[in-house]
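Inside the fold
In case you want the letters, here they are:
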Amino acid sequence: MSVHRIQPQPFFADKNRAFWNLQSVGWAGAFLLRGSSTIANGQPLSSLIPVMISTVTGYSVTLLIAVIFRFLQRQRPIVTWGASIVTVVTAAGLVAFIDAWVFSTQNRGSDTAGLQLFLGAFYLSITLLGAWSALYYAINFYLTVEEQADQLLRLENQASSAQLAMLRYQLNPHFLFNTLNSISTLVLLKQTDRANAMLSRLSSFLRYTLINEPTAQVTIEQEVETLKLYLEIEKMRFEDRLRPVFNIDPAVAQSRLPSLLLQPLVENAIKYAVTPKEEGAEISITAQPAGENVRIVVSDTGPGLNEGFTRPNNPSSEGTGVGLANIRDRLIQAFGERQSFETRSTPGGFSVQIEMPLNLDEPSKVAA
């Protein structure tokens, strides 16, 4: 038998219900406070009648004030505040007049003058209605700020998702044109079996890139399977010149990263290491734990660059291809400052090292 946990709803999730709850509880509290004070001063129980009438009057008048305030909130500030003050003073006068009339009716033999009764009731009414109005505007200001903050957060998430999607779709598609050209050549040479195999693998790879959302995260294991599919396509072009090696530690196989993050690295390795060398090159992809992070290294045995150097977090230098800048931007979007990106070139090859949080949680479309 499954137990369904009831999630508490925010108090202001339903504004109308929250208003009526606060209205009822607030005036009930005012009645109890004034009633207990009256009884504590030795007044008879009959003296609670004016308190009750005053409370009901205040409750009803504030409902009218709420309607007026709701209209005034849409006006210019000077109109809002000026009209609100006039409304509160007028309402306090009305409540004070009713309170004074009720008291004088119940206590006909009292020596208290009518004006004195009115001024005393007005002081109490203006205090209560002023506090009610201040609380009303304070709550509405709070709700407005919360709504604007939620809207800003939604816009930031949408912008982040749009940027992630843009970066995903910015990946250099030249391999697609090369693959299509290779298929066309195979068809012209009537090597239909190889052409069909390449088309099938290309179809599977493209299906993966289109089905997965551009802002989704996948496990390293899934990313590696996609890389293998991509490399099978390229291997039909380069054959034994392309020698991929995978070394994935099982401890990090389920860690998550943005989908197709590593594909541009392998693509650059093919472009700058395998293509220019007659004997080709080896491309190594390793992933292993690094404390609370996961370290991924993509390296090749190509010619490297003209001079060996280390360029931490500067992947946009000349000669490295747009894919590296794309990856760095995606890492920043996904992990903020909790990532590092480092490239190194030596006469014996080129390598890229990425460190990111070891994330074994459920996938999220936009990481914080």
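Residues numbered from 1 in each chain as written. Predicted model: local features only at pLDDT ≥ 70, side-chain atom pairs only at ≥ 80, totals over all residues. Heavy atoms only, no water.

Turning next to unusual backbone geometry. Apart from glycine, the bulk of residues carry a negative phi angle, and the bulk of peptide bonds sit in the trans form. Positive phi values are uncommon outside glycine, yet Glu239 reaches one of about 55°. Along the chain, Glu239 falls in the loop between α7 (220-238) and β2 (242-248). A relative accessible area of 45% places Glu239 in the partly exposed class. (Helix = DSSP H or I, 4+ residues; strand = E, 2+ residues; numbered from the N terminus. Buried < 20%, exposed > 50% of the residue type's maximum accessible area, 1.4 Å probe, protein only.)

Look at the UniProt record and you will see "transmembrane region" (unreviewed entry) annotated at residues 52-72, 79-103 and 115-139. In residues 52-72, the share of helix is 100% and the share of strand is 0%. The end C-alpha atoms are 30 Å apart. As a span, residues 115-139 carries 100% helix and 0% strand, and end to end its C-alpha atoms are 35 Å apart. (UniProt positions renumbered as here; feature names shortened; annotations may be inferred.)

Our next topic: the nonpolar core. Ile270, Ile354 and Met356 are the most contacted members of the largest nonpolar core, which totals 45 residues. Those elements giving two or more residues to this core turn out to be α5 (174-188), α6 (192-211), α7, α8 (263-274), β4 (281-290), β5 (293-300), α9 (322-335) and β8 (349-357). Element by element, the count of residues in this core is highest for α7, at 8 residues. The contact partners of Ile270, leaving out residues within four places of it in the chain, are Tyr230, Leu231, Glu234, Phe238, Leu242, Thr275 and Ile283. Counting residues in each nonpolar core, the second largest holds 16 residues, with Ala30, Ala66, Ala91 and Tyr136 among its members. (Core = buried A, V, L, I, M, F, W, Y, C linked by side-chain atoms within 4.5 Å. Contact = heavy atoms within 4.5 Å.)

Let us look at the pairing of β4. Among the 10 residues that make up β4, 7 are buried, leaving the element largely enclosed by the rest of the structure. When β2 meets β4, the two strands line up parallel, connected through 7 bridges. Each bridged residue has a counterpart across the sheet, and for Ile248 the counterpart in β4 is Ala287. (Pairing = 2+ DSSP bridges.)

Applying the stated rule across the entire model yields 8 aromatic pairs. Plain terms: the ring middles of Phe118 and Phe122 are 6.0 Å apart, the flat faces sit at 25° to each other, and that makes the pair stacked. Residue Phe118 and its partner Phe122 are located together in helix α4 (residues 114-169), separated by 4 residues, close to a single helical turn. Sitting over the ring of Phe246, Lys228 keeps its end group 5.3 Å from the ring centre. (Phe/Tyr/Trp six-rings, centres within 6.5 Å; stacked < 30°, edge-to-face > 60°. Lys NZ or Arg CZ within 6 Å of the ring centre and 35° of its normal.)

Here is the key point about a regular strand: its side chains alternate between the two faces of the sheet. Where β4 meets β5, 8 bridges bridge the pair, whose relative direction is antiparallel. Residue pairing for β5: Ala290 is matched across the bridge by Asn293. Count of turn residues in the β4/β5 antiparallel hairpin: 2 residues, of which Gly291 carries a positive phi of about 70°. The pairing of β5 with β8 spans 8 bridges and is antiparallel. When the sheet's bridge partners are listed, Ser299 is paired in β8 with Ser351.

Within the secondary structure, Ala251 sits in the loop between β2 and β3 (256-258). Judged by its relative accessible area of 46%, Ala251 falls in the partly exposed class. Taking the C-alpha atoms as reference points, Ala251 and Leu358, 107 residues apart in sequence, are found 9.6 Å from one another. Beyond its immediate chain neighbours, meaning those up to four positions away, Ala251 contacts Pro289 and Leu358.

As a further point, take the packing of helix α1 (residues 15-40) against helix α2 (residues 48-72). For the pair α1 and α2, interaxial distance at closest approach is 10 Å and the crossing angle is 155°. As the angle between them shows, α1 and α2 are arranged roughly antiparallel. The element α1 and its partner α2 pack so that their crossing is right-handed. Contacts from Phe19, Trp20, Gln23, Ser24, Trp27, Phe31, Arg34, Gly35, Thr38 and Ile39 in α1 reach Leu48, Val51, Met52, Ser54, Thr55, Gly58, Tyr59, Thr62, Leu63 and Ala66 in α2. (Axes fitted to C-alpha atoms, helices over the stretch in contact; angles between N-to-C directions. Parallel < 35°, antiparallel > 145°, perpendicular 65-115°, else oblique. Left-handed = near helix turned anticlockwise from the far one by under 90°.)

The topology assignment puts Ser182 in helix α5. The residues touching Ser182, leaving out its near neighbours within four places in the chain, are Met198 and Arg237.

Further remarks concern the pattern of salt bridges. Following the criterion strictly, the structure yields 8 salt bridges and no others. The shortest N-O distance in the salt bridge between Arg201 and Glu232 comes to 3.7 Å. In this pair, Arg201 is assigned in helix α6 and Glu232 in helix α7, connecting sequence segments 31 residues apart. Of the residues examined, Glu232 reaches a relative accessible area of 36% and is grouped as partly exposed. A salt bridge links Lys228 to Glu225; its shortest N-O distance comes to 4.0 Å. Highlighted residues: Lys228 and Glu225, both in helix α7, separated by 3 residues, approximately one helical turn. Glu225 gets classed as partly exposed once you look at its relative accessible area, which sits at 47%. (Salt bridge = Lys/Arg side-chain N within 4 Å of Asp/Glu carboxyl O.)

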